[in-house]
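Now for the letters of each chain:
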Amino acid sequence: MIDIEYRMWQPQWLQQLGSLPIDLASTMGNHLPEHLFSLPLGQDQPVCLMASDHPLAELEAPDLAQLLKFSFVQISSGGDKDSFLDRELKALGLVRRIALSVPFFSAGFSTVAQSQMLLVTPEHIARNAASLYPLTAKPLPLSLPVHHYHLLWHGVHHHDPTHRWLRQEFAQVISESIYSPK
């Protein structure tokens, strides 16, 4: 019998995997600790999510000045998905206005769908959100990081046959249904 408990990922757990009561983790990152095993799940890039009737939705690719005229929603839990934008803006002497910070994507999607606020999110998350809410995604006019997604586990579980089966099942479902490998 397998029991599953979903927890919102905390970046500091990456170094502690193996000593925490967490057997398997899905996360994004380009630099994984050497003491962990991983399966690649896919990759994508960040996009700007907005309401389908947003003034910028008609544009193929809004420029930075157009985007910065609007406020942003930021997702505060689950790791770093948009700080690259603030670093890029700071290097240009610019700043965006974060009008709302929420812990869950569903609150962010609902807010963005009903307002003129914007949300920077990985492309696969934007695509899934657009299937549930009246939203559209646009490319960001900056040098963008590639998000690499991995399923991680500690060596204490590496040779366990049940754990091996579980991680293969999870990896297949996640890769096929959420991420868009390139």
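This section reports on the structure supplied with the text. (Residues numbered from 1 in each chain as written. Predicted model: local features only at pLDDT ≥ 70, side-chain atom pairs only at ≥ 80, totals over all residues. Heavy atoms only, no water.)

Take the environment of Glu 176 next. Relative to the helices and strands, Glu 176 resides in helix H5 (residues 161-177). The class for Glu 176 is exposed, based on a relative accessible area of 63%. Along the sequence, Glu 176 and Ser 131 sit 45 residues apart, while their C-alpha atoms lie 16 Å from each other. (Helix = DSSP H or I, 4+ residues; strand = E, 2+ residues; numbered from the N terminus. Buried < 20%, exposed > 50% of the residue type's maximum accessible area, 1.4 Å probe, protein only.)

So, about empty space enclosed by the protein. Applying the stated criterion across every chain, the model contains 1 cavity of 30 Å³ or more. Of the volumes computed, that of the largest cavity is approximately 30 Å³. Its residues placed into classes, the lining of the largest cavity shows 9 nonpolar, no polar and no charged. (1 Å grid on protein atoms, 1.4 Å probe; cavity = no way out; pocket = protein on both sides within 12 Å on 5 of 7 lines; lining within 4 Å. Points joined across faces, edges and corners; volume = space filled by probe spheres on them. Nonpolar A, V, L, I, M, F, W, Y, C, P; charged D, E, K, R; others polar.)

Right, let's get into the sheet that holds strand S7 (residues 135-138). Strand order in the open sheet formed by 5 strands is S5-S4-S6-S3-S7, with mixed pairing between adjacent strands. At either end of the open sheet lies a strand with only one pairing partner, and these are strand S5 (98-102) and S7. Geometrically, the sheet is characterised by an average inter-axis angle of 35° between neighbouring strands, direction not taken into account. In terms of strand pairing, strand S3 (residues 46-51) meets strand S6 (residues 118-122) through 4 bridges, oriented antiparallel. Note on S6: the bridge partner recorded for Pro 46 is Pro 122. Each of S3, S6 and S7 is contacted by helix H4 (residues 123-130), which is oriented at about 120° to S6, the strand it contacts most. (Pairing = 2+ DSSP bridges. Axes fitted to C-alpha atoms, helices over the stretch in contact; angles between N-to-C directions. Contact = heavy atoms within 4.5 Å.)

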